Amino acid sequence: MKTFLKDVNELSKFHYGKCKDFRDIVDQLFDGTPTGRSLEELPFIPVSLFKEVELKSIESKEIYRELRSSGTQGRQSRVILSKENSVNQTRALKSLFQKQFGHGRYPMVIFESKNILSRGTNISARKAAVLGFSSFASERTFVLNDDLSIDWSTLKKCLDTYRNQKVILFGFTFILWSSLIADNNHELTFDLPFGEILHGGGWKKLESLKITKKQFKEKMQRVVKVRAITDYYGMAEQAGGVFFECKEGFFHTSGFSNIVVRDPYSLSPAPCGKPGLLQLLSVLPISYPGHSILTQDIGTLYGEDDCSCGLKGRYFTVDGRLPKAQVRGCSDVGI
Amino acid sequence: MLESNDLTEILFGNFETVHISKPVEIFDKSVLEYLSELSSLIRNSTDTRLFPDLLSFAFWCREKNLNLIRQKYENEQNRLGLGTVLHITPRNVPLNFAFSWAFSALAGNSNLVKLPSVQFPQVELLLQLILKLSQSEVGNKILETTVFFRTGHSSKILNKLSASSEARMIWGSDETIKEIKRLSTPIKHVDLTFSSRFSAAVLSCVQFIKADLKMKELIVRRFLQDSLTFGQRGCSSPRVIYWIGELGEYGKSRHDFWRIANNLAPGFLQLPDSFERFSNIALASTQNKHSIELLGSLYNNLITVEKADGHKIDQLFTLGTFLETRIDCLEEIFETLDNKAQTITYFGINPDSLIQWIKKIGFIGVDRVVPFGAAFDMTPTWDGCDTIRALSRVIEVR
């Protein structure tokens, strides 16, 4: 924890020196102090800023690639990556992944269409997640058609093959739900005693269908019986530093990342157990000032280093998204 | 008239009876009676206490106030409503539809009122009371001349209603107004449009300093009520403050003003939208245009942004963030505003001097000059338009 604070303070000072936009924010909104005596004191920027401003702490010629968010709510976020930043992300993800799933390489069944890997320097957050996680696989099988419907024969064939070995089924939460459960007209079921499901990408769509995490897991186990189902949480603006769900159902911070929960009214730090806006901290972003970002996700911090699962770090839940305020400007007329 | 695929929800009245109903004279007795009955009903219902906007609508349409309004039109002879008026109302101000409807009814028209799609509790409550009142004789008559409905974006019904109406009251953004205006209307037809506007406040530093603490608090309270209702997003919410006075007076008065305002603000800001405010202010920080001052710290309730010299008012904030500037002369206000400016609320200055400047310059913009606390007092004259006259015709007789 102390090392994390030291590292993120160093990083914040670095971005303060290199990125004018970040410096302007720190100077005007945080008394010109880029560092903090605690994580709670560290300056932060709103996630929405990635949609408005090209945030970078490197020269244009050092840009290796640009990561773009899915942009479900209008404009896309742009994350400027240097080669080094990109490599760091991959390394961090690998280390976190191995801690969660073990060191070997296992086959991965990916609930995406092969098309997602098509060429291009700029990549979507979803493509980045697929690329990131699947790079640790011994074999990759894509089981969705281009229209995101499931290719049942491919799925059946590969799950039969992996019946008696360790295999990871990976996909976006909503896609897994819609393909394996909602569209499973043949009511096919699979048994993978050594298999695990890894899913992420948020509950927004499932929440609107009023499906709880518990229901998701139960229904999923009925279709594909696996050893474990693990949710992960992360954002394109801090790729690499993902948070995995523990046995107790909490996300845990790691040496790469941390969180602060802020009161949604006052933005001051919220006490344990009280839901608020999630602020994500990461030591990975070195080419852009994304080391401390206030998100619109609502989460609850439950404690630090004392989760009954035995894992260290702060542990928390993600409870949804900040509801859009009903009262909008005059420019928003319900016709 | 209605097709099933229009997905239109009729909350009150029916299109057929309105279609055959006839216009009446302005301030027709039945309309006056109806509105004052409605006013009593709202004020006597305990459920309405929770909604200050509903109470202020009731206060507006009480008998005494309607008579005061009517007096202004006493000399009008042979003035009748245009016919049927279609209302497209905004969703940022829940009860805007009620005023739009009442103005047009007072002008002698039948009304087709599209309600905001968002279901606000005070709107539902008002509808319940209107339904209740329709059981009575006075209410039943209004039932024949009024439809309240909700319908989806770009519903075909709006096309048909536009084509069969004599006038439209369109409240909304430039895009909405453009979209509605694209729907064809009869050749002889009136559109009254109420587009997005913003508002400003002006106060005299000397007068503010002179006021005692109690008075200061009252002034600030009125200012916050004007600006923070509807999350500072209403057309009439002041977002810009002009301080008239010398530098020293400015420093002293704004120091006191913001200290009091910051203490009172929590009672006015209720929405969980600090993310949006932070997001806007962080973006503004990177633009380096104006200098941002947090009153105390980021976690405080209000934020001020001092306007840079030589800039027009080109950046508007919401949710308790104010662009402010000091001026020596009222004329300077008009150098920085444009025709989007709707209301100027004032304290400690003579409103006539503002009007004199508007006339002298021939300024296009600023349709209301009202004291602190009155920004949201609706009147049938809105955005510079006398809706009673605009929605009626006068028969010339010789």
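Remember, it's a predicted structure, so these values are computed and weren't measured experimentally.

Here we come to the overall build of chain B. Helix and strand counts for chain B stand at 16 helices and 17 strands. A globule of 398 residues ought to have a C-alpha radius of gyration of about 21 Å, and chain B, at 22 Å, matches this closely. Along the first, second and third principal axes, the C-alpha set of chain B runs to 65 × 50 × 45 Å. When the 398 residues of chain B are sorted by exposure, 44% land in the buried category.

On to the confidence of the model for chain B. All names here are of chain B. In this model, chain B carries an average pLDDT of 88, and 94% of its residues clear a pLDDT of 70 or more. Low pLDDT, under 50, characterises residues 1-5; the stretch is placed with 7 contacts to residues that sit more than four places away or in other chains. If you check the scores for this complex, the pTM reads 0.79 and the ipTM reads 0.86.

Before going further, it helps to spend a moment on the sheet that holds strand E12 (residues 243-244) of chain A. Residue and element names in this part refer to chain A. Read from one edge of the open sheet, 6 strands run E6-E4-E7-E9-E11-E12, paired in mixed fashion. Each of the sheet's edge strands pairs with one partner strand only, and the pair in question is strand E6 (137-142) and E12. Pairing between strand E9 (residues 195-200) and strand E11 (residues 228-233): 5 bridges, direction parallel. Of the residues in E11, the one forming a bridge with Leu-198 is Thr-230.

The next point concerns the sheet that holds strand E3 (residues 84-88) of chain B. Residues and elements named next belong to chain B. Here 6 strands make up an open sheet; going across it, the order is E1-E5-E4-E3-E6-E7 and the pairing mixed. The open sheet has two free edges, formed respectively by strand E1 (9-12) and strand E7 (190-194), since each of these has just one partner strand. Shown here is a sheet whose adjacent strand axes are inclined to one another by a mean of 20°, direction ignored. The sheet contact formed by E3 and strand E4 (residues 110-114) spans 5 bridges and is parallel.

The next thing to look at is the pairing of strand E3 (residues 78-82) of chain A. Residue and element names in this part refer to chain A. Of all the 5 residues making up E3, 4 are buried; the element is thus mostly covered by neighbouring parts of the structure. By the bridge criterion, 5 bridges tie strand E2 (residues 63-68) to E3 in an arrangement that is antiparallel. Counterpart to Arg-65 in the pairing with E3 is Leu-81.

Any two packed helices are characterised by how steeply their axes cross, that is the angle between the axes, and by the distance between the axes. At a minimum axis separation of 8 Å, helix H2 (residues 20-29) of chain A and helix H13 (residues 274-287) of chain B run at an interaxial angle of 115°. As summarised for this structure, H2 of chain A and H13 of chain B are arranged roughly perpendicular, according to the angle between their axes. As for how H2 of chain A packs across H13 of chain B, the hand of that crossing is right-handed. Contacts between H2 of chain A and H13 of chain B involve Asp-21, Asp-24, Ile-25, Gln-28 and Leu-29 of chain A on the former and, on the latter, Ile-281, Ala-282, Ser-285 and Thr-286 of chain B. Among the residues forming the contact of H2 of chain A with H13 of chain B, the class breakdown is 4 nonpolar, 3 polar and 2 charged.

To continue, consider the pairing of strand E7 (residues 167-172) of chain A. Residues and elements named next belong to chain A. The buried count for E7 comes to 6 of 6 residues, which makes it a mostly enclosed element. Note: strand E4 (residues 106-110) against E7, 3 bridges, orientation parallel. When the sheet's bridge partners are listed, Met-108 is paired in E7 with Ile-168. Bridging between E7 and E9 involves 6 bridges; their strand directions are parallel. Residue pairing for E9: Val-167 is matched across the bridge by Gly-195.

What follows deals with the packing of helix H2 (residues 29-44) of chain B against helix H6 (residues 121-133) of chain B. Residue and element names in this part refer to chain B. Contact geometry for H2 and H6: axes closest at 10 Å, N-to-C directions at 125°. By the angle class used here, H2 and H6 are oblique. Considering only the axes of H2 and H6, their crossing is right-handed. Between H2, through Glu-37, Leu-38, Leu-41 and Ile-42, and H6, the contact on the second element is made entirely by Leu-129, Ile-130 and Leu-133. In terms of residue class, the contact of H2 with H6 is built from 6 nonpolar, no polar and 1 charged.

About the cut-offs
Numbering of residues starts from 1 in each chain and follows the order in which that chain's sequence is written. To label them, take the chains in the order written and letter them from A, then take the ligands in the order written and number them from 1. In view of the model being predicted, local features appear only for residues whose pLDDT reaches at least 70, and side-chain atom pairs are presented and counted only at 80 or more, with totals across whole chains, interfaces and linings using the full set of residues. A run of H or I in DSSP becomes a helix once it reaches four residues, and a run of E becomes a strand once it reaches two; helices and strands are each numbered from the N terminus. For this measure, only C-alpha atoms enter the radius of gyration; the expected value for a globule follows 2.2 Å times N^0.38, where N is the number of residues. Exposure classes come from backbone-placed C-beta atoms, where a residue is buried if 20 or more other C-beta atoms lie within 10 Å of its own, exposed if 12 or fewer do, and partly exposed in between. Along the chain, pLDDT gives the predictor's confidence residue by residue, from 0 to 100. C-beta atoms are first placed from the backbone for all residues, and any pair lying within 7 Å is then listed as a contact. Strand pairing is assigned whenever DSSP identifies at least 2 bridges connecting the two strands. Here an angle of 0 to 180 degrees is reported between the N-to-C directions of two axes, which are lines fitted to C-alpha atoms, with helices fitted over the stretch in contact. Orientation categories follow fixed angle ranges, with anything under 35 degrees roughly parallel, anything over 145 roughly antiparallel, 65 to 115 roughly perpendicular, and all other angles oblique. With the far helix as reference, a near helix turned anticlockwise by less than a right angle produces a left-handed crossing, and one turned clockwise produces a right-handed crossing. Residues are grouped as follows: Ala, Val, Leu, Ile, Met, Phe, Trp, Tyr, Cys and Pro are nonpolar; Asp, Glu, Lys and Arg are charged; all remaining types, including Gly, are polar.

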